[in-house]
Each structure stands twice: as structure tokens, then as C-alpha cells.
Amino acid sequence: MDYKLQAVGLQSQLELGSLAENGSGHEFEDESLFSSELGAQKIQSNHVAEFGSMSGGFQASGTKMWKSGVYRSIKTVVFSNKLNLLMPFGPLAILVHMLSGHNGWVFFLSLLGITPLAERLGYATEQLAFFTGPTVGGLLNATFGNATEMIIAIYALKSQMIRVVQLSLLGSILSNMLLVLGCAFFCGGLVCHQKEQVFNKATAIVNSGLLLMAVMGLLFPAVLHYTHTEVHYGKSELALSRFSSCVMLVVYTAYLFFQLRNDKYRYEPLEEEVSQHGESTDGDDGETPEITKWESIIWLAIMTAWISILSEYLVDAIEGASQAWNIPIAFIGVILLPIVGNAAEHASAIMFAMKDKLDISLGVAIGSSTQISMFAIPFCVVVGWMMGQPMDLNFQLFETATLFITVIVVAFFLQEGTSNYFKGLMLILCYVIVAASFFVHEDPSSKDEKKLKP
């Protein structure tokens, strides 16, 4: 623009010089100056108009980018997974509760509605782990990996349904150790049948030891109860449970510290094991996040809130569903409820086993069982203590024996450090036996309630 103004000034000077020779320079001097000023004003006005249109364009483009980002995030999180077709069952469960109050249908629809939410909660946690690094990402997965079970357990505690809490957490351990790990071994063995799949035995041994310690914590209150050897009847059992829960929480905290800080390079597979949904920390696959960090945080909040709402309807409808379908509460708590919470673990364990990444699959299945037994169960005892609820570690004799035998069987399967489809099939069939046992098992607490009724 400056070059154009200089050219206009030179041209006007030449015209003034030629006109001055003819004696008419004074007449056209003002006109030429006026025309140059007018041209400069036109150029300035055009520049201002152009700048204004550009700023308005920036605002419009910013709004479009924000809308497109929201649309892309919703499309990625909600519409990218076929399991999300079950999401409308959640609002339908609330509608059925308001219109009919049929507990059987409310429980069934709530169960279907929570299933995709549990899977998407794990997905959002995985995406957030991309931005936090492996250490913090592992802790995030440790926190949100079993969030569904924890939310259901807390609502059941508020409703004074202690047996539902115990059975649902026990069922999550059994489901992860037998069904999830069995399906991972079975599918991985079928896909990689030309070679023997191996995993880190040190990782399996550490987790097996923690699971046996959890069995010890659950076994002693049950033995104390059934041998009638309490010093103070009705109080010693609860006091022992609370003391043991605090010790187990300290051990689990030390385990996380050892796993993520103290010996992270020597036990690198253990670091991957904390990731409950298969987050690989080595970055060899070149995986990149699909949503941003703030989108992950917002989706975590949305999914957690929606799961909390549906969990309240689910817990309130458990007893009515048991009566309507003539199914024992023990079967609902041990078999049906864990299917919801373990949806993400189940899919991730199978997927990574088919990719010949058994260390991650083992971390998904056995690591989740370790978290529930060493963190979730003691945490619920402490929360119940704060609420004034007598939540203890006495899971009754039948349930404790089932857990003890399951841990022993899985420990034997893991001692070689190898897997195949036959081992997976045996673990799945063991879970079928456990499911059938709880289908014909009558909970002692419900039996006592029947005797009290006239």
C-alpha cells in the first residue's frame, strides 16, 4: 500500500510540473491533493472493512470449530461402539420404574443400561492415561477400573444391603479370575495356536500372593464366627474385620508404591498390570489418543454420574427381581451383577490375548481381582464403619470356601508361565460350576429372614 501511495505522489508531482509550465498549476494543485487524500481514505476504509470481515470470520470459524469438536467427541465416544446400542435401556428403566414399578423389569433394564457405561468409563480412563503418563495412568486405571462395582456397593451400603455388597464384590473376583482370564486364554490359544503363549511368572506370583492374603483376611472372621470362639460375641468379629481391612489397605498402598515407583524398571510388566483396560506403556504400537484430555475428564464425570443414577435403581430392584424371577439373591449378586462391571475387562483381556500380549491380559483379569480383594472390599468395610453399618469380612462359609478354591486353582494354572486354549476352557468350565453352585445355594441371611416371618 505504501508503494501505491508513493506512485500516486510521483504522478501528481509530474502533472503539477507540466501544468505549472502552462501557467495552470495553481488551479489543479488543490484538486490533485484532494484526489490523493480521497484515494488514501478509500484504501483505509477498504482495509478497515477487510479487517472487520476477517474478525467476524474468525468468530464464526471458532464457533464452527467448537461445534465440530463437540460433534466429533460425541461421535467418537457414543457412536463408535456397537455396545452403546444398550444405552437407551437406562432411561427406559427409569421410565418403567415411574410408570409400573415392576422390579424385575427395572433391574433387567438397569443392568443392560449400565453395561455400555462401564465399558465407556474404561475407554475414557484409557484416553486420559495417554496424557498423564504410565505412572499416573496406572493409578487412574486402578481408581476407575472397578468404579462400577464400587458405586453399586456404596449404594447398597446406604440401603443397608450388606450381603449384596459382599456377594457382588466376591462375584467380581470370581468372574475376573475364572471367566475373564479363561476367555482370554481360550481365544488367545485359538488365534496363536502355532506357538505357545507365555507371560511373566513373577507378575503372576506376586498377584497370587496378594490374593491368598485377601483370602486369609476373609477366612479368619468366618472361622471365628462358625467356631463360636469370639471373646466378645458379635463384636470381636467386626473389630477383627475392621482391623484387617486397614492392614490390607496399607499393603495395597505399599504394593502400588513398589509397583510404580520403587522397582518400575525391573518389574516393567507389573506397571502394565495396573492398567485395568489394557493400556500399554511401551508405546510400540504407536497408539494415539482419540479425544483430548479435557474431553476425557468431562466424559469420566458424565459416565460416573449416569452410572450412579442407574445404580440406585438397580440396587433398589434387586430383592423384587429375586422374588419376581424366583432367583436367589446370591446368584444375582455373584453372577449377574459382575457381568456389568467386568464388561470392559472382558473385552480388553480377550483383545490383547489375541494380539499375543498375555502380560496385559493377565494384568486386566488378575490385577482387577487383586484390586477388588485388597482395596475395594476393605474400603467398603471402612466406609460402612463411617456410615455406622456393620460391614465385615465374614462372607459366610460357602462363599469363602469358593474363593479359596478358586485362588488355589488359578495359582496352579499360572505357575508354569504359559497358556493355551485348553487351560482357558477349563477355567471357563470352572466358572460354570461356580455359577451352578450359587444358583442352588440359599443365602443364610435370607433363610433367617424367612424364619422370622410368620
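A brief look at the structure comes next. Keep in mind the model is a prediction, meaning the values are calculated, not measured.

### Quick notes on the overall build of the protein
Each helix and strand in the protein was counted, giving 17 helices and two strands. Approximately 23000 Å² of the protein is accessible, and the part contributed by carbon and sulfur atoms is 66%.

### Section: the nonpolar core
In summary, soluble globular proteins display a tendency toward joint burial of nonpolar side chains. Ranked by internal contacts, the top residues of the largest apolar core, which has 103 residues, are F107, L181 and L414. At 16 residues, the largest contribution of residues to this core is made by helix α6 (residues 162-191). For L181, the residues in contact, after removing those within four places along its chain, are N176, L362, A365, I366, V410, L414 and L427.

### What about the packing of aromatic side chains?
Within the structure shown, the criterion is met by nine aromatic pairs. Note on F107 and W325: the rings are 5.9 Å apart at their centroids and 70° apart in plane angle, and the pair reads as edge-to-face. You can see F107 sitting in helix α4 (residues 103-144) and its partner W325 sitting in helix α11 (residues 318-325), a full 218 residues away along the chain. The class of F107 is buried, set by a relative accessible area of 0%. Consider the rings of F185 and F199, whose centres lie 6.1 Å apart with planes at 20°: the pair is stacked. Here F185 is found in helix α6, whereas its partner F199 is found in the loop between β1 (197-198) and α7 (201-226), with 14 residues between them in sequence. Across this residue pair, the class does not change: F185 and F199 are buried. Over the ring of Y123 we find R120; its NZ or CZ atom is 4.2 Å from the centre of that ring.

### Re unusual backbone geometry
Look at N326: it is not a glycine, yet its phi comes out positive at around 55°. Note on N326: relative accessible area 67%, which makes it exposed. With a phi close to 75°, Q396 is a non-glycine residue in the positive phi region. On the secondary structure map, Q396 appears in the loop between α14 (358-387) and α15 (397-414). Residue classification places Q396 among the buried positions, given a relative accessible area of 16%.

### So, helix α12 (residues 329-341)
Taking 1.5 Å of rise per residue, the 13 residues of α12 would be expected to cover 18 Å, and the 17 Å separating its terminal C-alpha atoms lies within 8% of that figure. Among the 13 residues of α12, 11 are classified as buried, and the element is accordingly described as predominantly covered. Restricting attention to buried positions, one finds in α12 the residues A330, F331, I332, G333, V334, I335, L336, L337, P338, V340 and G341.

### Topic: the environment of L210
Here L210 is to be found in helix α7. Sequence separation between L210 and S369 is 159 residues, and the spatial gap between their C-alpha atoms is 9.8 Å. If we ignore the near neighbours within four places in the chain, the residues touching L210 are V251, Y255, T370 and M374.

### Regarding the side chain of S322
Here S322 lies in helix α11. Classification of S322 by relative accessible area gives buried; the value is 12%. Of the polar contacts made by the side chain of S322, one reaches the backbone oxygen of I327; its length is 2.5 Å. Those residues in contact with S322 that lie beyond four places of it in its chain are I327, P328, I329 and I332.

### Considerations on the packing of α6 against α14
Two elements in contact, α6 and α14, have axes separated by 9 Å at closest approach and are oriented at 170°. Considering the angle they form, α6 stands roughly antiparallel to α14. Classifying every residue of the contact of α6 with α14 by side-chain character gives 17 nonpolar, six polar and no charged.

### Here we look at helix α10 (residues 293-316)
The end-to-end C-alpha distance of α10, which contains 24 residues, comes to 35 Å, matching closely the 34 Å that a straight helix rising 1.5 Å per residue would cover. Residues of α10 that are buried: E295, S296, W299, L300, M303, I307, S308, L310, S311, Y313, L314 and V315.

### Some points on the packing of helix α5 (residues 147-158) against α10
Contact geometry for α5 and α10: axes closest at 9 Å, N-to-C directions at 45°. Between α5 and α10, the crossing angle belongs to the class labelled oblique. Viewed along their axes, α5 and α10 form a crossing whose handedness is right-handed. Residues T148, I151, I152, Y155 and A156 of α5 pack against T304, I307, S308, S311, E312, L314 and V315 of α10. A breakdown of the residues in the contact of α5 with α10 according to their chemical character gives seven nonpolar, four polar and one charged.

### Side note on the environment of V409
The topology assignment puts V409 in helix α15. Given the relative accessible area of 24%, V409 is considered partly exposed.

### Looking at the pattern of salt bridges
In total, this model carries three salt bridges according to the counting rule given. For R163, the salt bridge is made with E399, and the minimal N-O distance between the two is 3.1 Å. One end of the pair, R163, is in helix α6; the other, E399, is in helix α15, with 236 residues separating them in the sequence. E399 shares its class with R163; the two are buried. Where K423 meets E416, a salt bridge forms, and the shortest distance between an N and an O atom there is 3.3 Å. For E416, a relative accessible area of 53% corresponds to the exposed category.

### Topic: the environment of L427
With respect to the helices, strands and loops of the structure, L427 is situated in helix α16 (residues 421-439). Overall, the relative accessible area of 0% leaves L427 in the buried class. Between the C-alpha atoms of L427 and V180, which are 247 residues apart in sequence, the distance is 9.0 Å. If near-sequence neighbours (up to four positions away) are discounted, L427 is found in contact with M177, L178, L181, G182, F185, V410 and F413.

Scoring rules and cut-offs
Residues numbered from 1 in each chain as written. Predicted model: local features only at pLDDT ≥ 70, side-chain atom pairs only at ≥ 80, totals over all residues. Heavy atoms only, no water. Helix = DSSP H or I, 4+ residues; strand = E, 2+ residues; numbered from the N terminus. Areas by Shrake-Rupley, 256 points an atom, 1.4 Å probe, with all protein chains shown as cover. Core = buried A, V, L, I, M, F, W, Y, C linked by side-chain atoms within 4.5 Å. Buried < 20%, exposed > 50% of the residue type's maximum accessible area, 1.4 Å probe, protein only. Contact = heavy atoms within 4.5 Å. Phe/Tyr/Trp six-rings, centres within 6.5 Å; stacked < 30°, edge-to-face > 60°. Lys NZ or Arg CZ within 6 Å of the ring centre and 35° of its normal. Expected span 1.5 Å × (residues − 1). Polar contact = N/O pair within 3.5 Å; in protein donor to acceptor, adjacent residues only side chain to side chain. Axes fitted to C-alpha atoms, helices over the stretch in contact; angles between N-to-C directions. Parallel < 35°, antiparallel > 145°, perpendicular 65-115°, else oblique. Nonpolar A, V, L, I, M, F, W, Y, C, P; charged D, E, K, R; others polar. Left-handed = near helix turned anticlockwise from the far one by under 90°. Salt bridge = Lys/Arg side-chain N within 4 Å of Asp/Glu carboxyl O.

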